Amino acid sequence: MTRRFLKFRLGMAGYTYHKFTLDETLAALKRFDVHDLCVKDFHLPLTASAEEIAAFKKKCADHGVTPYGVGPIYMQTEDEAKRAFDYPWKPAADGGKGWKQRRQSPELCAKVSDLCAKYDIKFAIHNHGRNPATGAPALFGAPVDVWDVVKDMDRRMGLCMDIAYTFADGFDPAAEIRKYASRFFDCHFRNISDPTNGSSGTDSASGKIDYFRVVKALDDIGYEGACGIELANAFPKTPEWIPSSIGYFRALMDAVARG
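Given the structure is predicted, the values throughout are model-derived calculations rather than measurements.

Q: Mind showing me how you'd approach the sheet that holds strand β9 (residues 226-229) here?
A: The strands that make up a sheet are held in pairs by hydrogen bonds between backbone atoms, and each pair lies either parallel or antiparallel. Judged by pairing direction, the sheet is parallel, and its seven strands sit side by side in the order β3-β2-β1-β9-β6-β5-β4 without closing on themselves. The open sheet has two edge strands with one neighbour each: β3 (66-70) and β4 (123-126). On average, adjacent strands in this sheet sit at an angle of 30° to one another, irrespective of strand direction. Pairing of strand β6 (residues 184-189) with β9 involves three bridges; the strand directions are parallel. Across the sheet, residue His-188 finds its bridge partner in β9, namely Gly-228.

Following this line, the structure appears as C-alpha cells:
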C-alpha cells in the first residue's frame, strides 16, 4: 500500500500552554516533535518591541519551531485593528474586557479586510460557539456566522474553525470544512466529552467527535495549513492528554494517507 504525504501538518495552539513559560512550551514541542506553533500573547506580548520579537523568533528557530500564526487577538476598534496588524501594539483605552463580553462587528471586519490587503496577511476568524452557557454566540458563534460576514470581503479574510464548538452546535465539522474550503485558513483540534458542550475538554482520542472524517475532509479540500492541538483543560490534572492527542492525530493522518 502506497502512503501519500498530506499537505497539512500537525501544529500546536498556543493556548494549550497558557500556564507555561515560552521556554517550557518550546521544550515540550521539541520533545513531541511538533514544529508549528500558533502564538498567543502570553508568550509574545502584543506590546513586545522589535528586539523582543526578533529574540522570540530566534528562540523558536533554535527549538525547530515555526510560529505560523498569532491569535486569537481580540479587537473592537479600528485603532486596535491597526495596532494588531503592526504588532507590536498598545491596547486601546476603550478595549473590551473578556471574550464573552465582545461582539462581532461587520463594520470593523470591513476595516480589517482593508488591512489584510495592505499588509498581505490572512486573517482567520475563530468561531466561539452559539450556546450562551458555554460559548460566545455574539462573537461569531458558528462557521456560517463568519462566512456571512467575510464572503464578499478580501480573499484573505477567512475562518479559523474551532472543531469542538462547531460540533457542539449541531453542525457536521467535515461538511462545514468542505462548505467553506475557499476561506478555510486554520483550525483548532480538540475533542469534547459532552456533545452539546463545546467547552468540555477531553483527550482527543476519547471524545465524541469523529476526527477521521475531519482529517479526511481536510485532505479532500487540499488544506495546506496547520491543525493546532488545543487542550486548554489538560493542565494541571491531565497533562498526558497532550502526547496522546498528538499521537492520535498523527495516526489519523497516517490512516487517511494510506487510503
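Q: So what exactly am I meant to see when it comes to unusual backbone geometry here?
A: Among all residues except glycine, the phi angle is most often negative; among peptide bonds, the trans geometry is most common. Residues Gly-71 and Pro-72 are joined by a peptide bond in cis, for which omega reads -5°. Residue placement: Pro-72 occurs in the loop between β3 and α3 (78-86). Of note in this structure, Asp-120 is not a glycine but carries a positive phi near 55°. Relative to the assigned elements, Asp-120 resides in the loop between α4 (106-119) and β4. Positive phi values are uncommon outside glycine, yet Phe-140 reaches one of about 55°. In this structure, Phe-140 sits in the loop between β4 and α5 (143-150).

Q: Before we go on, may I ask you to explain the side chain of Asn-191 in this structure?
A: In this structure, Asn-191 sits in strand β7 (residues 191-192). The residues touching Asn-191, leaving out its near neighbours within four places in the chain, are Ser-200, Gly-201, Thr-202, Asp-203, Ser-204, Gly-207, Lys-208, Ile-209 and Tyr-211.

Q: Please clarify how the side chain of Arg-183 should be interpreted in this entry.
A: With respect to the helices, strands and loops of the structure, Arg-183 is situated in the loop between α7 (173-179) and β6. Asp-152 is the oppositely charged side chain nearest to the buried, salt-bridge-free Arg-183, at an N-O distance of 6.7 Å. Within the local environment of Arg-183, its side chain forms a polar contact with the backbone oxygen of Met-157, the two atoms lying 2.7 Å apart. Ignoring sequence-local partners within four residues, the contact set of Arg-183 consists of Trp-147, Val-150, Lys-151, Met-153, Asp-154, Arg-155, Met-157, Gly-158 and Leu-159.

Q: Can you help me understand the packing of aromatic side chains in this one?
A: Aromatic rings in a pair are described by how distant their centres are and how their planes are angled relative to each other. Tallying each qualifying case throughout the model produces seven aromatic pairs. Ring centres of Trp-147 and Tyr-180 lie 5.4 Å apart, and the angle between their planes is 40°; this geometry places the pair in the tilted category. With Trp-147 in helix α5 and Tyr-180 in the loop between α7 and β6, this pair connects stretches of sequence that are 33 residues apart. Taken together, Phe-8, Phe-184 and Tyr-223 form an aromatic cluster joined through their ring pairs. Across from the ring centre of Phe-32, 5.0 Å away, lies the NZ or CZ of Arg-31, which sits over that ring.

Criteria and cut-off values
- Residues numbered from 1 in each chain as written.
- Predicted model: local features only at pLDDT ≥ 70, side-chain atom pairs only at ≥ 80, totals over all residues.
- Heavy atoms only, no water.
- Pairing = 2+ DSSP bridges.
- Helix = DSSP H or I, 4+ residues; strand = E, 2+ residues; numbered from the N terminus.
- Axes fitted to C-alpha atoms, helices over the stretch in contact; angles between N-to-C directions.
- Contact = heavy atoms within 4.5 Å.
- Buried < 20%, exposed > 50% of the residue type's maximum accessible area, 1.4 Å probe, protein only.
- Lys, Arg positive; Asp, Glu negative; His and termini not counted.
- Salt bridge = Lys/Arg side-chain N within 4 Å of Asp/Glu carboxyl O.
- Polar contact = N/O pair within 3.5 Å; in protein donor to acceptor, adjacent residues only side chain to side chain.
- Phe/Tyr/Trp six-rings, centres within 6.5 Å; stacked < 30°, edge-to-face > 60°.
- Lys NZ or Arg CZ within 6 Å of the ring centre and 35° of its normal.

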